[in-house]
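# Overview (structure and organization)
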Amino acid sequence: MASSTVDSSVSDLFSSAPALQSNLEILSPDQIELAKILLENGQSHLFLHWSEPGVCDNEKLGFFDQIARLNSSYPGGLAAYIKTAKELLADSKLGKNPYDGFSPSVPSGENLTFGDENFIEMEKRGVVEARKAAFVLVAGGLGERLGYNGIKVALPRETTTGTCFLQHYIESILALQEASHKVASDGNQTDIPFIIMTSDDTHSRTQDLLELNSYFGMKSTQVHLLKQEKVACLDDNDARLALDSNNKYKIQTKPHGHGDVHSLLYSSGLLDKWLDAGLKWVLFFQDTNGLLFNAIPASLGVSATKQYHVNSLAVPRKAKEAIGGITKLTHADGRAMVINVEYNQLDPLLRASGFPDGDVNCETGYSPFPGNINQLILELGSYKEELQKTGGAIKEFVNPKYKDSTKTSFKSSTRLECMMQDYPKTLPPTARVGFTVMDIWLAYAPVKNNPEDAAKVPKGNPYHSATSGEMAIYRANSRILQKAGVKVEEPVKQVLNGQEVEVWSRITWKPKWGMIFSDIKTKVSGNCDISQKSTMAITGRNVFIDNLSLDGALIVDSIDDAEVKLGGSIKNNGWTMETVDYKDTSVPEEIRIRGFRFNKVEQLEKKFNQPGKFSLED
Ligand SMILES: O=c1ccn([C@@H]2O[C@H](COP(=O)(O)OP(=O)(O)O[C@H]3OC[C@@H](O)[C@H](O)[C@H]3O)[C@@H](O)[C@H]2O)c(=O)[nH]1
Ligand SMILES: [Mg+2]
């Protein structure tokens, strides 16, 4: 009896999808199980267009291959995904405030000032800790706002040397590793692991970039790629999965967000390995912040000194800027947490809770809420413990764009998303969650916006474009050298791709030349000045700027065993900047999105390939 009841309910189930039912013979038992899951969760529409058996059978099997992948890559499978989606879509339709019961206030955190005693101390401490760190780059995003055709980590960080972001990140990690080993008292010489989260959009191109460049000097065993899977798109409030408009045997998918990094790390088994190897810190960062490593040593020092389980890096934030606000949320029941409130949610949250003007600047000219740059430093032991409880699942959200105020249909399909900075949301109240604020010029210059959108950014807010991203490198390096005693001439203002930017001397160096301020200071002495029209690129390690007067372009490369003194008066016609319009397709995309290119008119270029002591006259 019992079995016939099951059979009849199963056949009831399949009778809701006659086109599928007539195809059951071509499906394997596993595929039939997956079909049941779909039907039980309100997905019979997926089969409305199925042809009779014998027609498009390969496509039908392909459909179930995809369903199997979607089912196995999500914790709890598709049934859990659809269930959560229905709940979140219902909340969204009701306009439910995800922060219901919480009131926001401005949290207090650690403030660092570049170059002061505390900063220098923190940097030194950070270097000591670095050999116990693992770095995790989330690079699965397409960069839709930037609209660049390649992967973002392959973009030049600056075009004076053309070094791409990925190379710079790797060289920075290697420089930290080396510096840390030098000060290690325990003789521990482990390599710092470097993890890159990719997606189908970025995986093979990331791998190719690494392989074509011999991992930019890192051991290939030191680098791990973890690929995130996309999730199914949703067509309506009933969480009906969306079919691809060009292929009715395919579900539309979209990225699930950078929050996937936690479940991927958890299931990779790497956390245990790292604990066994004595590691203590996991540092997460995003694809295009060329200034990030200026901030890493000091903030790692803060994590270690304050024994933070979670340390978020932050910068002063302009109201309405597209970066999340670090906020203290206190619940009516007494619970409190310090968490990122994403930029699209900060204004409504504030308006709903006693800040009638919403997301606005205060008397400082900045939002009172520090801006999250999404660089997180987590303490490995507590991280692993937490993931053991959650499996790495992160609180999700949904952000449908409704057609009208009835909120009954969407402009285009939506999906569930999750963010890596939501990790602290499940932590117990005993967790030590803090943040570290640093100057924008030092720490944050992402490349996210295309030239057209960047030009429309309200005046005074950062452009976050390829133009501003590169100019920020020169500004930071110029200011750091100024602080070290070099007279770097003040910048000029220029409009590039419709954005007014400060153009400083084009100064660049490799991370191994100077990772922390106290190192950089040892590389600079005497009376030095660099004019605004100058370019200076240092790619060697033991290069010392000593009584140098530069007005032109100076390019210096040297092997580690060569000690090179840059001094005397160098004057040449240098490298000029030519404007380029972003619409000019005769210019390569990675150049035209900047709005300028260099015309290498004249330079002093020196290479020192032999061990020994040298100066520019040699
Ligand atoms: O599915 C995804 C989406 C994104 N990413 C990666 O996550 C990083 C951030 O993605 P985006 O640039 O789209 O992020 P957003 O600009 O929307 O906001 C992010 O950065 C600024 C912070 O203030 C925000 O709090 C943070 O969410 C990138 O490195 C991207 O490659 C993934 O790895 N997978
Ligand atoms: Mg985004």
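Residues numbered from 1 in each chain as written. Chains lettered and ligands numbered in written order. Predicted model: local features only at pLDDT ≥ 70, side-chain atom pairs only at ≥ 80, totals over all residues. Heavy atoms only, no water.

The buried fraction of strand E19 (residues 433-437) is high, at four of five residues. Inspection of the sheet shows strand E2 (residues 110-111) paired to E19 by two bridges, in the parallel sense. Its bridge partner being in E19, Asn111 is matched across the sheet by Val437. Both strand E12 (residues 310-317) and E19 contribute to a ladder of five bridges, which runs parallel. Within E19, the residue paired with Val310 across the bridge is Val433. (Buried < 20%, exposed > 50% of the residue type's maximum accessible area, 1.4 Å probe, protein only. Helix = DSSP H or I, 4+ residues; strand = E, 2+ residues; numbered from the N terminus. Pairing = 2+ DSSP bridges.)

So, about helix H8 (residues 203-212). Along an α-helix, residues three or four positions apart point the same way, because every turn accommodates 3.6 residues. Turning to H8, its buried residues number three or more, namely Thr206, Leu209 and Leu210. Buried residues along H8 cover an arc of 95 degrees about the axis, so they all sit on one side. In this structure, the buried side of H8 is in contact with helix H7 (165-183), strand E4 (194-198) and strand E5 (223-227). Backbone geometry just after H8 places Ser214 at a positive phi near 50 degrees. (Arc of directions from axis to C-beta. Contact = heavy atoms within 4.5 Å.)

For the structure on display, the rule yields 33 salt bridges. Between Asp57 and Lys60 there is a salt bridge, with its nearest N and O atoms 3.1 Å apart. Of this pair, Asp57 and Lys60 both sit in helix H4 (residues 57-72), separated by three residues, roughly a single helical turn. According to the relative accessible area criterion, Lys60 is buried, its value standing at 0%. Glu129 is the salt-bridge partner of Arg125, the closest N and O atoms lying 3.2 Å from each other. One end of the pair, Arg125, and the other, Glu129, are both in helix H6 (residues 117-130), four residues apart, so they sit about a helical turn from each other. Overall, the relative accessible area of 4% leaves Glu129 in the buried class. Salt bridges sharing common partners tie together Glu178, Lys512, Arg541 and Asp560. (Salt bridge = Lys/Arg side-chain N within 4 Å of Asp/Glu carboxyl O.)

The strands making up a sheet associate through hydrogen bonds between their backbones, and the pairing can be parallel or antiparallel. Pairing within the open sheet is parallel, and its four strands lie in the order E23-E26-E28-E32. Only two strands of the sheet have a single neighbouring strand rather than two, namely strand E23 (506-509) and strand E32 (604-608). Recorded for the sheet is a direction-independent mean angle of 5 degrees between the axes of neighbouring strands. Bridge count for strand E28 (residues 553-558) against E32 is five bridges, and the pairing is parallel. If you follow Asp557 over to E32, its bridge partner there is Lys607. The strands that helix H16 (residues 466-483) touches are E23 and strand E26 (535-538); relative to E23, the one it contacts most, it runs at about 80 degrees. (Axes fitted to C-alpha atoms, helices over the stretch in contact; angles between N-to-C directions.)

Before going further, it helps to examine the environment of Ala537. Examined against the element boundaries, Ala537 turns out to sit in strand E26. On the accessibility criterion, Ala537 (3% relative accessible area) is buried. In this structure the C-alpha to C-alpha distance between Ala537 and Gln43, which are 494 residues apart in sequence, comes to 59 Å. Not counting the four nearest positions on each side in its chain, Ala537 is found in contact with Thr160, Thr161, Thr508, Leu554, Ile555 and Val556.

By the secondary structure assignment, Asn449 is in the loop between helix H14 (440-443) and helix H15 (451-455). Spatially, the C-alpha atom of Asn449 lies 21 Å from that of Thr206, the residues being 243 residues apart in sequence. The residues touching Asn449, leaving out its near neighbours within four places in the chain, are Arg145, Leu146, Ala454, Val457, Tyr463, His464, Ser465 and Ala466. At a separation of 3.0 Å, a polar atom in the side chain of Asn449 contacts the main-chain carbonyl oxygen of Tyr463. (Polar contact = N/O pair within 3.5 Å; in protein donor to acceptor, adjacent residues only side chain to side chain.)

The subject of this paragraph is the site of ligand 1. The environment of ligand 1 is formed by 22 residues, the closest being Arg145, Gln228, Tyr343, Asn372 and Lys448. One of the backbone N or O atoms of Gly141 is found 2.9 Å from an oxygen atom in ligand 1. At a separation of 2.5 Å, a nitrogen atom of ligand 1 approaches a polar side-chain atom of Gln228. Alone, ligand 1 offers 670 Å² of accessible surface; in the complex the protein occludes 88% of this. (Near = heavy atom within 4 Å. Areas by Shrake-Rupley, 256 points an atom, 1.4 Å probe, with all protein chains shown as cover.)

Two quantities define a packed helix pair, namely the angle between the axes and the distance from one axis to the other. The geometry of H7 relative to helix H11 (residues 292-306) is characterised by a closest axis approach of 11 Å and an angle of 30 degrees between their N-to-C directions. Judged on the interaxial angle alone, H11 and H7 are roughly parallel. For the pair H7 and H11, the crossing hand works out as right-handed. Contact residues: Tyr169, Ser172, Ile173 and Leu176 in H7; Phe293, Ile296 and Pro297 in H11. Here the contact of H7 with H11 is composed, by residue class, of six nonpolar, one polar and no charged. (Parallel < 35°, antiparallel > 145°, perpendicular 65-115°, else oblique. Left-handed = near helix turned anticlockwise from the far one by under 90°. Nonpolar A, V, L, I, M, F, W, Y, C, P; charged D, E, K, R; others polar.)

Overall, the coordinates contain 26 aromatic pairs when judged by the stated rule. Their ring planes at 75 degrees and their centres at 5.7 Å tell us that Phe47 and Phe63 sit as a pair that is edge-to-face. Within this pair, whereas Phe47 is found in the loop between helix H3 (29-40) and H4, its partner Phe63 is found in helix H4, the two being separated by 16 residues in sequence. The same class applies to Phe47 as to Phe63, namely buried. Plain terms: the ring middles of Tyr169 and Phe285 are 4.9 Å apart, the flat faces sit at 85 degrees to each other, and that makes the pair edge-to-face. Taken together, the positions of Tyr169 in helix H7 and Phe285 in strand E11 (residues 281-286) put the pair 116 residues apart, joining distant regions of the chain. Cluster of aromatic residues (ring-pair linked, three or more members): Phe135, Phe165, Tyr169, Phe194, Phe285 and Phe293. Between Lys523 and the ring centre of Phe544, over which it is positioned, the NZ or CZ distance is 5.8 Å. (Phe/Tyr/Trp six-rings, centres within 6.5 Å; stacked < 30°, edge-to-face > 60°. Lys NZ or Arg CZ within 6 Å of the ring centre and 35° of its normal.)

Everything listed here is a matter of geometry and, on its own, says nothing about what the molecule does.
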